[in-house]
Amino acid sequence: MSLPAPQIPEEIGATEPDRVARLVARLKRKYRGRITGELVVPARPGRYEPFPPDLDPRLVQALHSRGVERLYSHQRGAWEAVRAGRHTVVVTPTASGKTLCYNLPVLQAALQDKAKALYLFPTKALSQDQVAEILELNRAGELGVRAYTFDGDTPGDARKAVRTRGDIVVSNPDMLHQGILPHHTKWAQFFENLRYVVIDEMHTYRGVFGSHVANVLRRLRRICRFYGSDPVFVLCSATIANPGELAEQLIEGPVRTIDESGAPQGAKQLLLWNPPVINPDLGIRASARSQTTRIARYAVKSGLKTILFTQTRLMVEVLTKYLKDVFDRDPRRPPRVRAYRGGYLPTERRDTEQKLRAGSVDCVISTSALELGVDIGALDVCVLNGYPGTIAGTWQRLGRAGRRNRPALGVLVATSEPLDQYIVRNPDFFLGASPEHARIDPDQLLILMDHIRCAAFELAFREGERFGGEELSECLAYLEEEGVLHREGEGWHWMDDSYPANSVSLRSVAEGNFVVIDITDGGKQVIAEVDYTSAPVTLYEGAIYMVQARPWQVERLDWEGRKAFVRQTEADYYTDAIDYTRLKILEDFERDSAAGAHCARGEVHVVRRVAGYKKIRYYTHDNVGYGNVDLPDQEMHTTAVWWQVDSRALEAAFESRWQALDGFLGAAYAMHSVAALLTMSELRDLGRAVGDGQGTWFATVDADGRGRMRSADGEPVEADTHGFVPTVFLYDNYPGGVGLSAPLFDLRTKVLAGARVLVQDCGCRHGCPACVGPILASEEARGGSPKAAALRVIDLLASGYSGHESP
Amino acid sequence: MSRLSDRLGKLRSNAPAAPQAVPVQSELGGRMQRLRGAASPRSEKDDVVLAEQLGGACIAEGVIAVGETLALEHDHGRVRLRDALATSLDALSPGGSVAVDELVFMDTETTGLAGGTGTVVFLLGLARLGPTGLELMQLVLTRFSGEAALLEAAREWVARGQAVVTFNGRSFDVPLLTARYRLKGRTDPFSALPQIDLLHPTRRAFARQWPDCRLQSAEQRLLDFHRRDDLPGAMAPQAWFDWVRRGSMTLLPGVTKHNRWDLLSLAALMPVLENVYRDPEAWGGDPLAVARFQRGRGDVAAALAMLEAHAHSLCPAGSNELARLHRDRGDWAAAVAIWRRLAAHDNVEALERLSKFYEHMCGDFTQALHYAERLALVERANPAHAHRLQRLHSRLGRRVSLPAGGS
């Protein structure tokens with residue numbers, strides 16, 4: 001796994017190059033026209049260094065007994081930096097032996113100075129892998145170092161032993177936040193001797209989660225100061241553009257970056273794959289899903305271990321069903337195809353991981369859940385069903401194939417989304433692009449205030465103390481006014497009977513997960529968990545919910561109790577939610593306007609509603625029915641950038657209102673993709689809507705493919721000629737915003753210019769999913785071209801304000 | 001200030017309302033204080049007024065001590081304190097020899113029940129029993145800055161103590177105090193002492209008899225003591241917050257009174273619990289639970305005596321326990337008599353014991369088979385019974401073919 005094992009790969013991999021090469025040759029022969037780009041990364045030999053001379057003999061012994069005779073150059077580099085007391089971030093590919101970078105200095109300090117270390121992993125599963133690995137080294141060298149996990153599963157009677165006897169405590173940020181810091185006195189001994197804090201999978205700490213974690217680390221360092229310790233941080237990350245910057249933001253101090261891997265790497269081949277066009281007029285291509293299953297079938301039949309990544313949990317289930325229909329038809333034999341995603345129970349996930357390591361599963365279909373360092377052994381082929389949304393995420397997933405020096409193949413199959421199409425049509429852009437920046441905003445006001453609350457509970461604030469980028473005394477005064485703090489002399493004391501960490505979730509604004517309960521046969525068995533944000537679009541009554549491609553139907557959703565009761569069913573269809581969004585502008589922060597059009601940034605109120613769902617038949621993907629959904633609206637305040645055109649300019653440009661509406665919806669669709677690419681965020685981090693800005697109406701695309709105005713209740717309305725000011729909104733999809741709208745406003749002209757290029761250069765005639773969104777066959781008959789309308793709207797928006805530059 | 005709250009207000013305008021800043025304003029004192037402008041930092045003088053109200057004195061900056069000695073003739077419910085002084089601790093303490101006059105009774109009032117370092121002990125009630133009576137010492141925190149002095153005062157007071165008596169202190173009061181001492185960088189005198197947590201013996205004896213085992217339930221049922229005008233414990237945090245924020249003295253006397261009753265009940269419960277463990281039934285307790293406790297401590301004779309004394313009224317589980325004790329000391333006749341009585345009602349354990357007894361002790365396979373067959377009828381699903389039947393059948397078969405001495 002993470003130990004360098006230079007002698008193994010050549011032997012194991014002996015037959016693999018032929019198989020992978022044969023598969024590639026076959027795909028190229030049969031599907032030349034679908035492969036739009038190709039990249040071959042040649043194998044790279046390892047760079048090695050001897051063990052450091054001061055490495056404890058017991059550790060040398062442990063490494064020898066595991067067949068390790070030397071280190072990779074980056075492991076040695078990390079040793080030197082960490083031993084010199086510098087915060088260090090290590091950025092190297094999967095399976096390059098990252099864990100030794102921190103295990104060696106930590107074990108050395110534990111052996112020689114009884115120093116303690118805290119390891120933080122984003123998930124419990126990773127913690128368990130880690131402890132297993134340390135224990136193995138421990139046994140090998142009879143080190144006697146005690147490593148324990150401390151998380152929600154740690155039994156009450158074991159906790160005291162972990163606190164007082166653990167040399168290495170392995171936990172996660174949530175547990176640190178809710179279980180350790182608020183009880184720091186119980187950990188006094190641990191904190192007094194804390195020398196190292198290890199943060200693995202650092203790249204996962206971005207956006208909202210990262211902003212929370214940065215604040216938890218502020219609290220951790222504050223507690224360490226109280227106990228007189230100042231630990232060295234060792235961080236590890238998959239490839240992102242700014243590992244050093246992110247590390248420095250997370251721990252608020254200078255960090256040494258080590259990003260040259262000395263680990264050997266097998267040859268890798270990457271294909272960009274565009275499904276064939278099946279309706280040139282509408283620009284409709286065969287589905288990515290069909291291509292992905294086809295490639296996976298070839299790979300598995302060639303005897304190659306294959307992993308498929310999809311964008312949604314739903315698609316995991318759909319693809320699993322299709323591949324099980326091929327490979328697991330005989331129920332008496334152990335399954336060759338397995339699904340893996342968030343929401344499955346831990347035991348189910350562990351079982352799949354174990355089977356993957358053992359090589360008894362041939363194909364696994366997963367969401368980003370397997371992107372992390374979960375140990376699943378070596379895989380040969382990785383197929384991405386759709387562009388993961390970021391360059392970094394794409395490489396991370398592709399990194400799942402080709403561990404341990406084996407040659408590997410990755411295939412990126414494009415969907416008809418504009419981002420995907422942009423990528424496969426411009427292979428040079430993708431293959432040459434640098435990965436994204438991971439952004440966090442630790443001073444986002446709501447997040448910061450949450451953690452000031454928690455920090456005040458942990459230790460009284462003293463006058464002159466600092467915490468975060470806002471004026472602390474002002475924040476404390478606010479909390480005093482709110483009645484949870486009390487100022488006395490130089491101090492601010494927690495004075496409330498609550499436990500604030502319990503009401504702050506690091507992962508989202510989510511108020512608790514939903515459990516999915518199977519009531520088939522009168523039982524009550526929990527079969528899955530669904531997070532709060534996904535619940536409205538996956539657990540509405542009537543929804544088909546799938547686990548390992550077996551369908552259950554939701555009978556009853558207890559929203560308050562966070563429970564969905566499901567029953568096994570035999571459906572030949574799956575369900576997909578229809579949701580819509582409307583916005584109201586609350587306040588302008590900045591604006592740029594001139595004749596006829598303007599762009600602004602400010603505060604908005606967003607309401608999202610799930611109105612119903614579609615039933616979609618397997619294989620044909622026909623729409624076979626609709627259902628209604630009655631759920632509470634999801635509301636939030638956030639920041640947005642919006643673009644508007646004066647009604648007079650609009651009237652001059654369009655004959656009819658619905659043409660203008662089509663134009664706005666198409667323009668918004670294209671602008672959304674371009675904005676995500678330019679701000680280097682994921683599509684879902686930005687929300688998109690078209691409306692009037694007052695929340696009185698918003699536009700949706702109806703089943704007939706036509707734009708329609710709807711009232712706040714979702715009823716169709718015909719707006720009168722007054723005050724028809726359609727507005728394109730792109731909003732930061734998190735309450736309060738995480739800092740996306742400001743860079744987006746700065747990029748406002750580039751967004752329009754990029755959208756224009758995207759639409760104009762698209763090969764379709766009247767519009768397609770790759771530029772302005774899906775359109776219908778009747779479009780031409782209707783006498784308008786959504787593509788032309790979108791271009792006209794983009795030009796109107798671009799003409800208005802001073803920052804305008806011609807595309 | 002307003003800028004920040006505006007920004008937060010806007011971000012939150014759809015979130016649930018923030019907690020209200022100003023709590024209930026029912027009481028006159030609080031309103032008067034506000035009219036007088038008592039929102040400003042309170043002075044030493046306020047502490048003096050509060051100390052008077054509570055009947056105590058300021059002993060350090062931010063600390064009021066309320067002391068009192070109750071004569072041994074004082075009655076708390078049906079218990080006279082002199083009886084408490086005579087308690088034999090054997091039944092209650094986990095071992096070791098501690099004299100009653102070396103005990104420290106302890107109970108805290110806190111700013112919350114959640115635990116964690118943000119929970120402050122603002123009233124630490126202590127008491128000890130001696131020849132002169134029950135000596136009470138309540139240490140009240142009047143401001144955060146007094147905490148170190150309060151903790152030190154407590155240390156001096158408990159210095160001579162050899163054990164701490166609490167009600168649920170093992171998991172609540174003591175860990176909380178440990179955290180407070182640790183926060184002030186001091187070692188804590190309480191966790192080093194042996195602990196006698198009266199919740200545990202109470203729960204053991206009454207968990208199945210009472211709807212709950214809170215201190216006040218115990219005090220009503222065992223001491224026949226009923227509080228009048230007691231301030232509910234849940235109000236305690238608010239009482240202290242009102243004082244600290246606004247100088248309101250309205251609720252705090254209620255808290256000291258409440259805490260005083262808690263301490264008195266701790267002392268008074270000891271002799272009663274001792275009696276409960278001697279004769280549970282007289283108190284509506286569970287003799288079986290008490291006997292199991294005694295056996296667990298290695299006091300088999302006491303357990304046997306306990307169950308024999310209640311033999312007429314024991315539940316089947318209790319009878320089985322008694323039979324096991326007889327068996328363990330080799331009194332098979334007594335054990336078998338009990339099992340026979342239970343077996344008449346198809347008691348599974350008794351049937352199994354009898355079958356084993358006849359098979360292994362007497363070699364009477366016919367009798368053994370008889371009980372095994374009944375057992376298999378009562379518990380059809382248990383494969384162990386079928387197994388036993390099979391074994392006995394084969395043994396009987398052999399015995400028939402080898403009448404001379406097959407075993």
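Residues numbered from 1 in each chain as written. Chains lettered and ligands numbered in written order. Predicted model: local features only at pLDDT ≥ 70, side-chain atom pairs only at ≥ 80, totals over all residues.

**Examining the overall build of chain B**
Phase 1: Counting its regular elements, chain B contains 17 helices and nine strands.
Phase 2: The 407 residues of chain B split such that 42% are buried. (Helix = DSSP H or I, 4+ residues; strand = E, 2+ residues; numbered from the N terminus. Buried ≥ 20, exposed ≤ 12 C-beta atoms within 10 Å, placed from the backbone.)

**Brief notes about the overall build of chain A**
Phase 1: When helices and strands are counted, chain A shows 25 helices and 34 strands.
Phase 2: Since a compact globule built from 807 residues should have a radius of gyration of about 28 Å, the 27 Å found for chain A is in line with a globular shape.
Phase 3: Overall, the C-alpha framework of chain A stretches about 85 × 75 × 60 Å when taken along its three principal axes.
Phase 4: Sorting the 807 residues of chain A into buried and exposed places 52% on the buried side.
Phase 5: For chain A, long-range pairs separated by at least 24 residues make up 73% of all intrachain contacts whose partners lie at least 6 apart in sequence. (Rg over C-alpha atoms; globule rule 2.2 N^0.38 Å. Contact = placed C-beta atoms within 7 Å.)

**Structural notes on the sheet that holds strand β21 (residues 491-494) of chain A**
Residues and elements named next belong to chain A.
Phase 1: Read across the open sheet, the three strands follow the order β19-β21-β20; overall the sheet is antiparallel. Because the sheet does not close on itself, it has two edges, and the strands there are β19 (461-462) and β20 (485-488).
Phase 2: Relative to β21, β19 is paired through two bridges, and the arrangement is antiparallel. Bridged to F461 within β21 is W492. (Pairing = 2+ DSSP bridges.)

**Side note on the domain arrangement of chain B**
Phase 1: The domain boundaries assigned to chain B delineate domain 1 (38-278) and domain 2 (287-401).
Phase 2: In this structure, domain 1 of chain B and domain 2 of chain B have C-alpha centres spaced 48 Å apart. (Domains from an automatic or database assignment.)

**Details of helix α7 (residues 199-206) of chain B**
Residue and element names in this part refer to chain B.
Phase 1: Of all the positions in α7, only P201, T202, R204, A205 and F206 are classed as buried. Taken down its axis, α7 places every buried residue within 170° of arc, on the same side.
Phase 2: At its buried positions, α7 is contacted by α8 (215-222), α10 (252-278) and α11 (287-296). (Arc of directions from axis to C-beta.)

**A closer look at the pairing of strand β5 (residues 116-120) of chain A**
Residue and element names in this part refer to chain A.
Phase 1: Most of β5 sits out of view: five of its five residues are buried.
Phase 2: Neither face of β5 is exposed, since K116, L118 and L120 on one face and A117 and Y119 on the opposite face are all buried.
Phase 3: Pairing of β5 with strand β8 (residues 194-199) involves five bridges; the strand directions are parallel. Directly across from Y119, in β8, lies its bridge partner V198.

**Points about helix α9 (residues 236-246) of chain B**
Residue and element names in this part refer to chain B.
Phase 1: With 10 of 11 residues buried, α9 lies mostly within the body of the structure.
Phase 2: Residues A236, P237, A239, W240, F241, D242, W243, V244, R245 and R246 constitute the buried set of α9.
Phase 3: Positive phi appears at G247, one or two residues downstream of α9, with a value of about 75°.

**Observations regarding the packing of helix α22 (residues 657-678) of chain A against helix α24 (residues 748-760) of chain A**
Residues and elements named next belong to chain A.
Phase 1: Two numbers describe how α22 lies on α24: the axes approach to 8 Å, and their chain directions differ by 120°. In this structure, the crossing between α22 and α24 has a hand that is right-handed. Seen from α22, the contacting residues are A667, A670, M671, S673, V674, A675 and L678; seen from α24, they are K750, V751, G754, A755, L758 and V759.
Phase 2: Looking at the contact of α22 with α24 residue by residue, the classes come out as 10 nonpolar, two polar and one charged. (Axes fitted to C-alpha atoms, helices over the stretch in contact; angles between N-to-C directions. Left-handed = near helix turned anticlockwise from the far one by under 90°. Nonpolar A, V, L, I, M, F, W, Y, C, P; charged D, E, K, R; others polar.)

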